[in-house]
Amino acid sequence: MRDVAVVGANMLKFGRYPDKDVVRLASEALLGALTDAGIGIKDVEILVSGNLYQSNAMVGQRIMKEVGATGIPVINVANACATGSTAFREAYYAIASGAYDIAVAVGSEQMGKMGLLGGGGGSDRAYNTEGVMGTGGMPGVFGQAGAEHMRKYGTTQAQIAKIAVKNHEHGMLNPYAQYQKETPLEEVLNARVVSWPNTLFMCCPTGDGAAAAVLMSAEKAKQYTTKPVWVAASALASDPYTERNPTMFDINTVTRIAAKEAYETSGIGPKDLSMVELHDCFATAELVHYENLGLCADGEAGKLIDDKETYNGGRIPVNVSGGLLSKGHPLGATGVANIVEVVWHLREDERAKARQVKGAKTGLAHVIGLGSACTIHVLKR
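Residues numbered from 1 in each chain as written. Predicted model: local features only at pLDDT ≥ 70, side-chain atom pairs only at ≥ 80, totals over all residues. Heavy atoms only, no water.

**Remarks on the overall build of the protein**
And then number 1: On a plain count of helices and strands, the protein comes out with 13 helices and eleven strands.
And then number 2: For 381 residues, the compact-globule estimate of 2.2 N^0.38 gives 21 Å, and the protein sits close to it at 19 Å.
And then number 3: Overall size of the protein, expressed as C-alpha extent along the three principal axes, is 55 × 45 × 45 Å.
And then number 4: Residues counted as buried form 59% of the 381 residues belonging to the protein.
And then number 5: Side chains of the protein carry 36 positive and 39 negative charges; the gap between the two charge centres is 3 Å. (Helix = DSSP H or I, 4+ residues; strand = E, 2+ residues; numbered from the N terminus. Rg over C-alpha atoms; globule rule 2.2 N^0.38 Å. Buried < 20%, exposed > 50% of the residue type's maximum accessible area, 1.4 Å probe, protein only. Lys, Arg positive; Asp, Glu negative; His and termini not counted. Charge placed at Lys NZ, Arg CZ, Asp CG, Glu CD.)

The structure is reproduced here in structure tokens:
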């Protein structure tokens, strides 16, 4: 396995783009990443496109026709919310294996106001327990995760709501976020309940967006940058076999499996991380992932947010981008965008200046796709 560096990183502001199709969005993100890397499309040897809802439309090939078809291999990836990060992983392995020297990962999605209600039969009564109990779909799954944490550890709804307060405060400094709106604790708690304990401001918005990353072998990266960001680990996991799993989607175990592999591969543990961009599709998700990623001991997530340790400037800043709660969650774009955010901080890019994590040397990007898939990438400068 060869060392792999991220040399170019770009994303579009997440939001609503009714005047542009998904190929146009993806192409703009790609061209920005190529410019950032100092290369052209003719230098790219393989492209991996991550897109979920238009995945049967050959988005990758259509991107290449938009920017200039060159005959290179194109791979289209769909892997629930982990679609974009899985595309990045495929591009990473294309170089790490020695097959290619320059690869591009593009994540894109056009969702408009489509909600996170699940898909592919995820809440079908004939398919799983959640359908029978009426708790299918993303709000129900993550509401249950939060309620179980409250039952087991005495966590309060106010502690979970503080995560939304933090991420919206962080999002105020991110011009690429869909919403830059501060939400005081009382406003979060008094908002309409979506799936208890999550209220409206504890749920991420969906929308449109795209992000792209240019990856290179170590030898090739030296030709284009003096600030490479190295991929120290790329982990992908799914749910383990159990005799009987009371919930079809085990968001805790799958993240812990991926985290264990990522930490062991990189030699970088939770205490070594400068920052984390994790999958906060709901405030309850961020809460449980504090523990799943080893940022604190089991049962201490509430205290972690109470003590503001996950704020920018705290012991372990989490979602300084504003997270999905502010940034939005166009599914296929999210995984690449999380990596782009970490890359910008590690190389002290101007695009992250207002929210820069001081002295950032390492970062972790985490995405979970229910169904199940969890990717974790550890990056270092």
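**Remarks on the packing of aromatic side chains**
And then number 1: Within the structure shown, the criterion is met by three aromatic pairs.
And then number 2: Residues Tyr176 and Trp344 carry aromatic rings whose centres are separated by 5.1 Å and whose planes lie at 55° to one another, so their mutual orientation is tilted. Taken together, the residues Tyr176 in the loop between helix 6 (157–171) and helix 7 (185–190) and Trp344 in helix 13 (residues 331–346) connect sequence positions 168 residues apart.
And then number 3: By relative accessible area, Tyr176 is classed as buried at 18%.
And then number 4: For Trp344, a relative accessible area of 0% translates into the label buried.
And then number 5: The side chain of Lys308 reaches across the aromatic face of Tyr311, ending 5.1 Å from its centre. (Phe/Tyr/Trp six-rings, centres within 6.5 Å; stacked < 30°, edge-to-face > 60°. Lys NZ or Arg CZ within 6 Å of the ring centre and 35° of its normal.)

**With respect to the state of the cysteines**
By definition, a disulfide is the covalent link that joins the sulfur atoms of two cysteine residues.
And then number 1: Enumeration over the complete set of coordinates arrives at zero disulfides.
And then number 2: No disulfide involves Cys296; its sulfur sits 16 Å from that of Cys374, the nearest cysteine.
And then number 3: For Cys296, a relative accessible area of 13% corresponds to the buried category. (Disulfide = S-S within 2.5 Å.)

**Quick word on the side chain of Thr183**
And then number 1: Relative to the helices and strands, Thr183 resides in the loop between helix 6 and helix 7.
And then number 2: Looking at Thr183, the relative accessible area reads 2%, which means it is buried.
And then number 3: A polar atom in the side chain of Thr183 sits 2.6 Å from the side chain of His168.
And then number 4: Apart from the residues within four sequence positions on either side, Thr183 is in contact with Ala164, Val165, His168, Val188 and Phe201. (Polar contact = N/O pair within 3.5 Å; in protein donor to acceptor, adjacent residues only side chain to side chain. Contact = heavy atoms within 4.5 Å.)

**Side note on the confidence of the model for the protein**
And then number 1: Across the protein, pLDDT averages 93, with 93% of residues at or above 70.
And then number 2: Mean pLDDT across the elements of the protein ranges from a minimum in helix 4 (residues 129–133), with 38, to a maximum in strand 9 (residues 275–277), with 99.
And then number 3: Confidence drops under pLDDT 50 across residues 117–135; counting only partners more than four residues distant or on other chains, this segment forms 25 contacts. (pLDDT = per-residue confidence, 0-100.)

**With respect to the pattern of salt bridges**
And then number 1: One pass over the structure, following the stated rule, counts 17 salt bridges.
And then number 2: With its nearest N and O atoms 3.1 Å apart, the salt bridge here joins Lys20 to Glu28.
And then number 3: On the basis of relative accessible area, Glu28 is assigned to the partly exposed category, the value being 24%.
And then number 4: Residue Asp298 pairs with Arg256 through a salt bridge whose shortest N-O separation is 2.9 Å. Of the two residues, Asp298 sits in the loop between helix 10 (283–292) and helix 11 (301–306) while Arg256 sits in helix 9 (residues 251–266), which places them 42 residues apart along the sequence.
And then number 5: On the accessibility criterion, Arg256 (33% relative accessible area) is partly exposed.
And then number 6: Via salt bridges that share partners, Asp36, Arg347, Asp349 and Arg351 belong to a single interconnected network. (Salt bridge = Lys/Arg side-chain N within 4 Å of Asp/Glu carboxyl O.)

**Side note on unusual backbone geometry**
And then number 1: Between Trp196 and the following residue, Pro197, the backbone shows a cis peptide bond with an omega angle of 10°.
And then number 2: Topologically, Pro197 is positioned in the loop between strand 5 (193–195) and strand 6 (198–199).
And then number 3: Of note, the bond from Gly371 into Ser372 is cis; its omega dihedral lies within 30 degrees of zero at 20°.
And then number 4: Along the chain, the position of Ser372 falls in the loop between strand 10 (362–369) and strand 11 (373–380).
And then number 5: Phi angles above zero are rare outside glycine, and Ala80 is one such case at about 55°.
And then number 6: Secondary-structure assignment places Ala80 in the loop between strand 3 (74–77) and helix 3 (83–96).
And then number 7: With a phi close to 55°, Glu348 is a non-glycine residue in the positive phi region.
And then number 8: Of note, Glu348 is situated in the loop between helix 13 and strand 10.

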